[in-house]
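In case you want the letters, here they are:
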Amino acid sequence: MKEFELFFGPNHPGMHGNFSVHLRVDGDTVVKAKPVPGFLHRGFEKLMERRLWIQNLALIPRICVPEPDINEMVYAMAVEKIAGIEVPEKAHWIRTLILELGRIAAHLFSIGGIGGATGLYTFPYWATADRDSVLDIFEHISGARIYHMYIIIGGVRKDLPEGIDSLIRETMDYLESRIPEYIDLVMKNRIIQTRLRGKLVLTREMCEEMCITGVGLRATGVDYDIRKYDPYAAYEWVDFDIPVGEDGDAFTRGYLKLLEIQQSIRIIRQVLDKMPKKGPVNVKLPGNALKWRIPPGEAYAHVESSRGEYGYYVVSTGETTPYRVHVRGASYPQGLYGIEKYLPGTRIEDVPLWLGTMDVCPPEIDR
Amino acid sequence: MNLKELISELKNKYRVLDEKFNDPNHTFVSIVPDQLHAALGELKSYGWKHLSTISCVDWIDDNEFELVYHLWNWDSRSQISLKTRISRSNPHFPTIMHIFPTAKYYERDIHEFFGVEFDGNSEMEPLFLEFWDDIPPMRKDFDPLKYSREKFGERDYKVPFADFIVEEGDQK
Amino acid sequence: MNKRLELPKKSFWSPASALKYLVKKPVTIRVPKTYREASPRYRGFHVNDWDKCVGCGTCAEVCPTDAIHMVEFEEIPTEPGKRNWRPAIDYGRCSFCALCVDVCTTGSLQMTREYIHISRDPNTFFFVPNEKGIHSVEYPVGYERDEDSDLLDLDRVEMPVIEPQERVTSFIEMVRGYSKEQAIAEASRCVECELCRSACPAQMHIPQYIHQIWKDNLDEGLRYLYKTNPLPEVCGRVCTHKCETACSIGHRGEPVAIRWLKRYIADSVPLERYHEILDAKPVKPAGKSVGVIGSGPAGLSAAYYLVLMGYDVTIYEAKSRPGGVMRYGIPRYRLPDDVLDKDIAFIESLGVRFVMNTKVGVDITLSELKQRHDAIVLAVGFTKGRSTKVPGSDHPMVLQALPLLEKIRDYLRGDAPKPAVTDDVVVIGGGNVAMDIARSVARLQKQEYGKVSVKVACLESEKEMPADKEEIEEALEEGVEIHPTWGPRQFLVENGELKGVELKRCIRVFDEKGKFNPIYNENERKTLTASMVIEAIGQAPDYSLLPDEICQKLDFVGARLLTDEYGQTSIPWLFAAGDIVHGPDIIHAIEDGHRAAKGVDTFLTGGNANE
Ligand SMILES: Cc1cc2nc3c(=O)[nH]c(=O)nc-3n(C[C@H](O)[C@H](O)[C@H](O)COP(=O)(O)OP(=O)(O)OC[C@H]3O[C@@H](n4cnc5c(N)ncnc54)[C@H](O)[C@@H]3O)c2cc1C
Ligand code: SF4
Ligand code: SF4
Ligand code: SF4
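Residues numbered from 1 in each chain as written. Chains lettered and ligands numbered in written order. Predicted model: local features only at pLDDT ≥ 70, side-chain atom pairs only at ≥ 80, totals over all residues. Heavy atoms only, no water.

Chemist: What am I meant to see in the overall build of chain B here?
Modeler: When you go through chain B residue by residue, the secondary structure sums to 4 helices and 7 strands. Shown N-terminal to C-terminal, the secondary structure of chain B runs as helices and strands in the order α-β-β-α-β-β-β-β-α-β-α. In chain B, buried positions account for 52% of the 172 residues. Sequence separation of at least 24 residues holds for 51% of the intrachain contacts in chain B that already meet a minimum separation of 6. A total accessible area of about 8400 Å² is found for chain B, and carbon and sulfur atoms account for 49% of it. (Helix = DSSP H or I, 4+ residues; strand = E, 2+ residues; numbered from the N terminus. Buried < 20%, exposed > 50% of the residue type's maximum accessible area, 1.4 Å probe, protein only. Contact = heavy atoms within 4.5 Å. Areas by Shrake-Rupley, 256 points an atom, 1.4 Å probe, with all protein chains shown as cover.)

Chemist: How do you make sense of the site of ligand 3 when you look at a structure like this?
Modeler: The environment of ligand 3 is made up of 14 residues, and the closest members are Cys53(C), Cys56(C), Cys59(C), Cys104(C) and Thr106(C). When grouped by side-chain class, the residues that make up the shell around ligand 3 number 8 nonpolar, 6 polar and no charged. (Near = heavy atom within 4 Å. Nonpolar A, V, L, I, M, F, W, Y, C, P; charged D, E, K, R; others polar.)

Chemist: Quick question: what am I supposed to make of the pattern of salt bridges here?
Modeler: Any two side chains of opposite charge can pair if their charged atoms end up close together. Scanning the model with the defined rule gives 101 salt bridges over all chains in all. We note a salt bridge from Glu49(A) to Lys140(B), for which the minimum N-O separation is 3.1 Å. In this pair, Glu49(A) sits in helix H1 (residues 44-49) while Lys140(B) sits in the loop between strand E7 (117-119) and helix H4 (144-152), so the two residues belong to two different chains. With a relative accessible area of 9%, Glu49(A) lands in the buried category. Among the salt bridges present, the one from Glu477(C) reaches Arg167(C), with a minimum N-O distance of 2.7 Å. Of the two residues, Glu477(C) is situated in helix H17 (residues 469-477) and Arg167(C) in helix H3 (residues 164-167); the sequence distance between them amounts to 310 residues. According to the relative accessible area criterion, Glu477(C) is partly exposed, its value standing at 45%. Taking the relative accessible area as the measure of exposure, Arg167(C) reaches 1% and is therefore buried. Each of Arg167(C), Arg334(C), Asp436(C), Arg439(C), Arg443(C), Glu471(C), Glu474(C), Glu477(C) and Glu478(C) takes part in one network of salt bridges that share partners. (Salt bridge = Lys/Arg side-chain N within 4 Å of Asp/Glu carboxyl O.)

Chemist: Explanation requested: the site of ligand 2 in the structure shown.
Modeler: Surrounding ligand 2, one finds His46(C), Cys63(C), Pro64(C), Thr65(C), Ile68(C), Cys94(C), Ser95(C), Phe96(C), Cys97(C), Ala98(C), Cys100(C) and Met111(C). Among the residues making up the shell around ligand 2, the classes are represented as 9 nonpolar, 3 polar and no charged.

Chemist: So what exactly am I meant to see when it comes to the environment of His26(B) here?
Modeler: Position of His26(B) among the secondary structure elements: in strand E2 (residues 26-31). Considered as a pair, His26(B) and Asn90(B) are 64 residues apart in the sequence and their alpha carbons are 32 Å apart. Not counting residues up to four positions away in its chain, the partners in contact with His26(B) are Lys81(A), Asp230(A), Leu3(B), Lys20(B), Phe21(B), Trp72(B) and Gln79(B). A polar side-chain atom of His26(B) sits 2.7 Å from a polar atom in the side chain of Asp230(A). At 2.6 Å, the side chain of His26(B) forms a polar contact with the side chain of Asp23(B). (Polar contact = N/O pair within 3.5 Å; in protein donor to acceptor, adjacent residues only side chain to side chain.)

Chemist: Can you help me understand the packing of aromatic side chains in this one?
Modeler: Remark: the centre distance and the inter-plane angle together describe each pair of aromatic rings, the angle taken between the planes. Residue and element names in this part refer to chain C. In the structure shown here, the tally under the stated rule is 40 aromatic pairs over all chains. Here the aromatic rings of Tyr35 and Tyr115 are separated by 5.7 Å at their centres, their planes lie at 20°, and the arrangement is stacked. With a gap of 80 residues between them, Tyr35 in the segment before strand E1 (46-48) and Tyr115 in the loop between strand E4 (109-111) and strand E5 (126-127) connect regions that are remote in the sequence. With relative accessibility at 35%, the residue Tyr35 sits in the partly exposed group. A residue is classified by how much of its surface remains accessible, and Tyr115, at 27% relative accessible area, is partly exposed. Measuring from centroid to centroid gives 5.4 Å for Tyr91 and Phe96, while their planes differ by 0°, and the two rings are stacked. The buried category is assigned to Tyr91, whose relative accessible area is 8%. Phe96 sits in the partly exposed class, given a relative accessible area of 23%. Connected via pairs of aromatic rings, a cluster forms that spans Tyr226, Tyr274, Tyr304, Tyr305 and Phe346. When the ring centre of Tyr520 is taken as origin, the NZ or CZ atom of Lys504, which lies over that ring, is 4.2 Å away. (Phe/Tyr/Trp six-rings, centres within 6.5 Å; stacked < 30°, edge-to-face > 60°. Lys NZ or Arg CZ within 6 Å of the ring centre and 35° of its normal.)

Chemist: Help me out: how do you make sense of the interface of chain C and chain A in this one?
Modeler: Put simply, an interface is often sized by how much accessible area is lost when its parts join up. Listed as interface residues are 57 residues of chain C and, on the opposing side, 60 residues of chain A. Summed over both partners, the interface of chain C with chain A comes to about 4600 Å²; 53% of that surface belongs to carbon and sulfur atoms. Between chain C and chain A we count 6 salt bridges in total. The salt bridge partner of Lys20(C) is Glu181(A), with a shortest N-O separation of 3.0 Å. The interface formed by chain C and chain A includes 38 residue pairs in polar contact (both at pLDDT 80 or more). Those elements giving two or more residues to the side of chain C that touches chain A turn out to be helix H1 (58-62), helix H2 (99-103), helix H4 (180-187) and helix H5 (206-214) of chain C. (Buried area = accessible area lost by both parts, 1.4 Å probe.)

Chemist: Help me out: how do you make sense of the sheet that holds strand E3 (residues 85-90) of chain C in this one?
Modeler: Through backbone hydrogen bonds, the strands of a sheet pair up, either in parallel or in antiparallel fashion. One open sheet holds the 3 strands; their spatial order is E2-E3-E5 (chain C), and the pairing between them is antiparallel. Every other strand in the sheet has two partners, leaving strand E2 (68-72) and E5 of chain C as the edge strands with one partner each. (Pairing = 2+ DSSP bridges.)

Chemist: Sorry if this is basic, but what is going on with the nonpolar core here?
Modeler: Counting residues in each nonpolar core, the largest one holds 271 residues, and the members touching the most others are Tyr312(A), Trp354(A), Leu51(B), Tyr69(B), Leu82(B) and Ile96(B). With 30 residues, the next largest nonpolar core counts Val427(C), Leu444(C), Val454(C) and Met465(C) among its residues. (Core = buried A, V, L, I, M, F, W, Y, C linked by side-chain atoms within 4.5 Å.)

Chemist: Would you mind going over a nonpolar patch on the surface with me for this structure?
Modeler: Nonpolar side chains collect at one region of the surface, where Leu19(C), Leu22(C) and Val23(C) lie side by side and expose about 380 Å² of accessible area between them. The residue Leu22(C) is located in the segment before E1 in this model. (Patch = residues over 30% accessible without salt bridge, like charges linked within 9 Å, V, L, I, M, F, W, Y side chains within 5 Å.)

Chemist: What's the story with the sheet that holds strand E11 (residues 398-400) of chain C in this structure? I'm lost.
Modeler: All names here are of chain C. Pairing is parallel across the open sheet formed by 5 strands, whose spatial order is E11-E18-E12-E13-E14. Each end of this open sheet is capped by a strand with a single partner; those strands are E11 and strand E14 (481-484). For this sheet the average axis-to-axis angle between neighbouring strands, irrespective of direction, equals 25°. Here E11 pairs with strand E18 (residues 532-535) via 3 bridges, running parallel. What sits directly across from Val398, in E18, is Val533. Against the sheet, helix H15 (residues 401-413) makes contact with E11 and E18, and its axis sits at roughly 75° relative to E11, the strand it touches most. (Axes fitted to C-alpha atoms, helices over the stretch in contact; angles between N-to-C directions.)

Chemist: Is there a simple way to explain the packing of H5(C) against helix H9 (residues 258-268) of chain C in this structure?
Modeler: Relative orientation and spacing of two packed helices are given, respectively, by the angle between their axes and the distance between those axes. Residue and element names in this part refer to chain C. At a minimum axis separation of 10 Å, H5 and H9 run at an interaxial angle of 55°. Considered as vectors, H5 and H9 are oriented oblique to each other. As for the relative orientation of H5 and H9, their crossing is left-handed in sense. Residues Ile206, Tyr209, Ile210 and Ile213 of H5 touch H9, and the partners they reach there are Ile258, Leu261, Lys262, Tyr264 and Ile265. Taken together, the residues of the contact of H5 with H9 break down into 8 nonpolar, no polar and 1 charged. (Parallel < 35°, antiparallel > 145°, perpendicular 65-115°, else oblique. Left-handed = near helix turned anticlockwise from the far one by under 90°.)

This is the structure:
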C-alpha cells in the first residue's frame, strides 16, 4: 500500500494541548513520526531573565496547567539551594500537601484522557469533576483554582486557612471511595483492556535510553521516584509506596496512576496528622520584594511530578533577576525523541494513547 | 565511593577547572571542552545513565557559551552537572548523541535558541520558532521587547481609565 | 523487591456500577442560576480604599504583567507623603497574582471574592479600583495580605547606639552608624516611591541615593547628596528628618532610616576623594563677589552654591570657628566636631574665604561690606535667648541654654574652661534645645558628682512636647526627669541664693486656632528644688548689625525677615537665609542658602532664577 502523510494535531481531540505529530503511515501503521512542537512556545525562560525573583511567581506556574505547583517548587528549591535558605519545617509539610494535591489533580486529568482516546466519555467527565474537588481545596488555600502562586522562595505564601483540615479529609475520603469505581468503570472495561493491555509496550532499556522517568519507567519494573531517591519537602517523614508494574504497556501506565492517587491520599493524610500546628511558614529575604537579590551561584533542582522528573536549572549572578532559568519538562524526552523513535510501528488509533499514557505535555516542552 | 571521592578521582584524570557542591549529593564540575565527552562516557559507565537535560548559558561578557550536562545516578542518588565553556563567536561543539541518544533534541533546542552548532548532529532545523528572522533569541543581546515593538508596533495603551468605572447594574 | 503488581482483570459487568450515578445528586451546579461563592481567600477583582492609598505606585512597580497604571486624579488633595495618583488595572493583563496586594504600602489594596465580568466592550476591562469594586456591588473581601505574605520589610535595621549608662558619662557620639551590610539591608527596604522627597525642604534625591547605597555605589550616592545639600555629614546625624514621617513604609512599619543612610554615605567616603568624585569646580569665573554674614548652615550652603557658580565668596563670622549652631549649639554627643569640619573643609577647599572673629556691625559695618561685595547674604540665625521673665529670672544662677551649650562645646574642644554646673538643675522648656541642655548638663553632673539630677519642666503634655520622641526617650534613659504640663510661676530665692522653682499647672497650651496661648490653674502648684535654672524656651534674632536706614526699608514678619522665593529682601543687593527667614532647622537653612545663591546669581547676571 502507498504511504501517505497525516498531520496529527495541533488541534486533534486526542492530543494534549497544542502539539502536532507529522506521521507517515502505511495503511493504519505509523512508519515515521516527526514531532512538531512550538505552538505553545511563550519564551518563558527569556521572560524569567527579565523579571524580578518575586515576579516570576506569576509566570512559572503557567508552564504547566494541570500541575502548576511543581514549577513553583523547583524554582523555589533551586533558589533556596543557591542562597542557602533553610525552609521552616511547617513549610515543608505544606509544600508536600500542595504537591500531592497537584499530583492527584494532574493524574485525574491525565487518566481521564484515556477515556477520550478510547471513546469512554464517562471517564473524563468523572475525572474532571473529581479534579474540581481538589481545585476547591486549592482555592481555599491559595485563593485560586488553577495558578496557585503559593509556593514561594523561602516557604509558602500563607499559612493554611482555618478549617481546611476537614475539607481536605472529606475530599480524600471521597476520592478514595471513587478509585474502585474508576477501576470498575475503566480498568476492568473490555474496551480498555482490549485497547491498552499489552499494547504500546516500552521496555526498561528503551526508557533508559530515552532517559524517561515517571510511570513510563516505573511500568517496566523499577521503582525510580525522586521523592524516594532524592527526597525533598517532607517526603522523608511520611510512609508511602511506589507502585511499580512489569509489563511496560499502556494499561500498566494508566493503572499505576490510579494507584499513585491512592498513595497521594495516604501521604496527604499523614501530612495533616503530623504537620506542626504552629510555626513560621516562610523565611523572608532581607528587604522588600522589589529588592530581593539572590547571591551568585547555580543549582539544578528536580522533583517527581506526575509525569516524572521535572527540573529547573537556575543561575544567579547576584542581581534582582535570574541570569538564566532552564526548564526541564518531564515529558521532553518522550515528547520529542520518544515520538520519533518509538511511535513508528504503532497504529494510528493508538497514537493518542501512546501520547496520553506517556504524558506528553506540550506546554512544558515548548516553555 | 561517595561523590566527593569520585570528583577527586575525576580530577586526576581530567582537567577539572572548578567544582561546586550545592550539598553532598549535588555538584557542578567544570571541565575543559575537549575532555567532556570522555568524562561523560566514563560517568555513564559508573551509573550516571540518566541525562536530565542539557542547558546553555550565554556568558556574553566573557564571550562564551557554557554547556551544562545534568546527569543523575539512580544508584548513588547523586547529581553531577558537567559544564564546559566554548567560544561565543562561531560556537561549535561535538554532539554527545553517541553517548546519550536523547541528547539529539536538547542539542537542537540549544542550536535554535543560542545558535550553537553541534557537529555530528545532523538535524538542526528549527523546532519551536516559525519564520524566525533574528539572532537566536536566548542570547543575552536579543531584546524581546524591542523585537516585538519593531515587529508588531507599539500598542497605544492610553486609556482614560477613570471613564470606565462600570456602573451598578451593568453586570451580574 | 516488590511483589508482582496485580492488574485488574477484564470484566463485562463492572462498568455497570456507573449506572447508580443516574439517580445521584450531580456534583455540578447550574451557572448562572446558582451563584458559586468564592473561597474566603479568593483572588478576585480589586478594591482600593482611596482614603488610605497614598499613590506610592509600589503596586504598579511589583506587578509582573504591567497591568497597573497610576492615574492622576486632580480632585484628590496632595500633601507631603501623599500623591493624588491611584492605581488603575488593565484586566486584560492582570494575572490575579495579588503581588500588588502583598506589597501595598498602606494596606489599602485588597481583592474581593467577585470573579465574573463579561462584556462586549473591551474598555470595561480597564478599571480604577475604589471602595466599591468593579460593578459597584458589594462582595466580601477575598485575598488579603498577612504577615506571612507581606512583601515589604517593615523592621528597621537597628542602629547601634551606646547604652545610656555608658554614654551619659561622656560626650562621645552615641549613635555608631551603620556598617556596609547594615546600610545595604536598610536601603533594600526602600521601594523608591519618592513620596519622601516632597516632605524634604531641600527636595533631596532620597530614593536615588538610597538606590546607590543598595548598589554599593557610594560615589554616585555622594553626587546625589551634593546636588541639594553640602552638609551631608551634619544632616546625616541631626536633620529633623521630616522625610521619614512621610515615608510610605511608615504606614505599616518603621520608616526607612533615611537620615542614617545619608550619614552612611558621607561617613564612608573620605574627604580626599570628594574632589575626584564630585568634580565640583566653578562653572565660569563670574568676576563678581558676594559677602555672606554668618557661617551657619544657611551661610555655608549659600557660599557653596555661589562659589560653584563662579563667584568670589567671603563668609564673615563673629565666632572663632565656623558652623553656627552646628558648632556652638547642638551638643557634641549628637554632632562631633570632626564631621562638621569635614563638611566645611570641602566647602572651603572650593575657594570660599572665611573671615573669622569678625562681628558685622561691631568689627566692620554693613556698608563697608557693601563696598567690598556686589551682593550680601545675611544668615545670622537666632542667636539670642528668650527669658521667662518670671520673678527671680534675673538671678545669676538662672542661665540661658544657648550660651551654656556654647561654653560646654568650647570646653570640650579645649577652647575654654569647664563651665560650672550645680548638682541640682531645673530646665524650663520642652523642645529639642531643652533636651540638649538637659542631657549635656546630665553628662557634666555625672562627671562632676557621679549622679544626674536634672528636672525638665514644660507647659506641654508629654504628647504635645515639641521635642522629638527619641530625644525625650533618650533623655529619660539617661536619668533626666520630665515634668510636663507645668509652667514656672517664680524662681525661689532665699538670702540671695537660688533654692528652687515654683510651678503652676498648665491646663492648655494652644488655643482652638492652634496658637500658643497657655492657660494656667494658678491654684495648682508644686515646687522643684534647684540650685541652678536653665531657660530654654526659644531663641530670638539679633538685628543690631543692620543700620536703622536699612531696617526701615526691610519688611519683617514677627521676628523674621520677609524675602521673595529666592531670599531677596526689599533691598535688591541684600539677601537673607536661614532662621531669620524660615527656620526652624538646618535643612530649611540649607535650602534657603541654595535658593539665595540662585537669587544672587539672578540679581548679578540679570537672568531668571527659575532656570
Ligand atoms: C541647641 C540647638 C539644637 C538644635 N538642634 C537641631 C537639630 O538637631 N537639627 C536641626 O535640623 N536643627 C537644629 N537646630 C536648629 C538649627 O540649628 C538652626 O535652624 C540652624 O542652625 C539655622 O541656621 P542659620 O544658618 O540660619 O543660623 P545659625 O546656625 O544660627 O548661624 C548663624 C551664624 O551667624 C553668626 N553671626 C550672627 N550674627 C553675626 C554678625 N553680626 N556677624 C557675623 N556673624 C554673625 C553666628 O555666630 C552664627 O555662626 C538646633 C538649634 C539649637 C539652638
Ligand atoms: S493581581 Fe498581579 S497581575 Fe493583577 S494587577 Fe495585581 S500585581 Fe498586577
Ligand atoms: S501600593 Fe497601595 S498605597 Fe501605594 S499606590 Fe498602590 S494601592 Fe495605593
Ligand atoms: S525612603 Fe520611603 S518614601 Fe522615600 S522612596 Fe524610599 S520607601 Fe519611598
